[in-house]
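Okay, here's what each chain looks like letter by letter:
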Amino acid sequence: MIRTDSRATAAIRPVHPADRPALGGFFEDLSLESRYLRFFAPVRPTASLLRVLSGGPANVDAVVAVADGVIVGHAMATDRVEARTFEDPCGASVTEIGVVVADAWQRRGVGTALMRTLITRAQARGVTSLAMDVLPSNRRMLAMITGHWPQAVITHSPDSLEIRIPLPRLQLPQPQMRTAPQLVRALVTLGAAALIGRARRDLRTQRERAHDHKPAAGWSKPPRIRTLGRLSTPSS
Ligand SMILES: CC(C)(COP(=O)(O)OP(=O)(O)OC[C@H]1O[C@@H](n2cnc3c(N)ncnc32)[C@H](O)[C@@H]1OP(=O)(O)O)[C@@H](O)C(=O)NCCC(=O)NCCS
């Protein structure tokens, strides 16, 4: 839930297929300028475009901002893997972002909140950078990017600006590292456990044999297994 100003709040959530009619209405109601800035053309959403905008394809993640049950913002991320390079032998995992906010809701923090949500979700999928195409005249979008993501790299192509935002990897809990002496102790303990197991088996066999056959004279208790003590203290 984001509080956009003193009166209004909007919630951000993933798009559901059931949102398609409302999503169609949201894009229809955008000003010509907002639609042009979003799609680089005064696009009207067709059924197939709405399927994509609602996260239909497996590589598309789409979210909406909703206020009082009405969609007031939409953003989507389309994942792709780039060609392998020397620096990135598996190919960089990139997501292409598109975002638009209802005209009456612009400049109230919705665009930034939508972007942040998409970024967190992309990081959870292992994406390592965001890509965006922005028209050079789109001051608002450029101000938003440079204001909130100063690490963005902007390059010029013939008719747009290509923006890249590197994403830090999410910090997942690391498996506990062991020092070399700890590792040796662990291995030795493992070896000892294996030996104990074998020795116990041997002992059982001896006892079973002893049970089956009469014990030889002088055989009253099992022999001590000295190897175990030596193995569990490597320094001796
Ligand atoms: C670009 C867009 C998504 C930004 O969304 P928004 O909800 O208006 O943006 P925010 O309120 O989160 O503002 C984020 C920053 O953008 C900048 N900004 C927003 N509106 C601005 C304006 N009219 N003039 C100058 N800067 C502006 C500010 O730096 C602002 O940061 P701050 O207010 O926290 O200091 C929205 O304006 C929009 O839908 N534009 C049309 C579609 C589009 O251009 N999409 C991008 C191409 S994919």
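Counting starts from 1 at the beginning of each chain's written sequence and moves along it residue by residue. Residue-level local features of this predicted model are given only where pLDDT is at least 70; pairs of side-chain atoms are given and counted only at 80 or more, and the full residue set underlies all totals for whole chains, interfaces and linings.

Thoughts on the pairing of strand β3 (residues 60-67)
Along any regular strand, the residues point their side chains to alternate faces of the sheet.
Alright, step 1. Strands were regarded as paired on the criterion that DSSP finds at least two bridges between them. Secondary structure elements are taken from DSSP: a helix is a run of H or I of four residues or more, a strand is a run of E of two residues or more, and numbering for both begins at the N terminus. As paired elements, strand β2 (residues 9-14) and β3 share four bridges and run antiparallel to each other. What sits directly across from P14, in β3, is V63.
Alright, step 2. As defined by bridge partners, β3 adjoins strand β4 (residues 70-81) across eight bridges and the pair is classed as antiparallel. Directly across from A62, in β4, lies its bridge partner M76.
Alright, step 3. The loop that links β3 with its antiparallel partner β4 comprises two residues; one of these, D68, has a positive phi angle of about 50°.

Regarding unusual backbone geometry
Alright, step 1. If you check the backbone angles, D68 has positive phi at about 50° while not being a glycine.
Alright, step 2. Here D68 lies in the loop between β3 and β4.
Alright, step 3. For every residue, the other C-beta atoms within 10 Å of its own C-beta are counted; 20 or more classify it as buried, 12 or fewer as exposed, and values in between as partly exposed. C-beta atoms are placed from the backbone. The class for D68 is exposed, based on 8 C-beta atoms found within 10 Å.
Alright, step 4. A positive phi is found at R107, a non-glycine position, where the angle reads about 70°.
Alright, step 5. Here R107 lies in the loop between β5 (93-101) and α4 (110-124).

Purely geometric stuff here, so don't read any function into it on its own.
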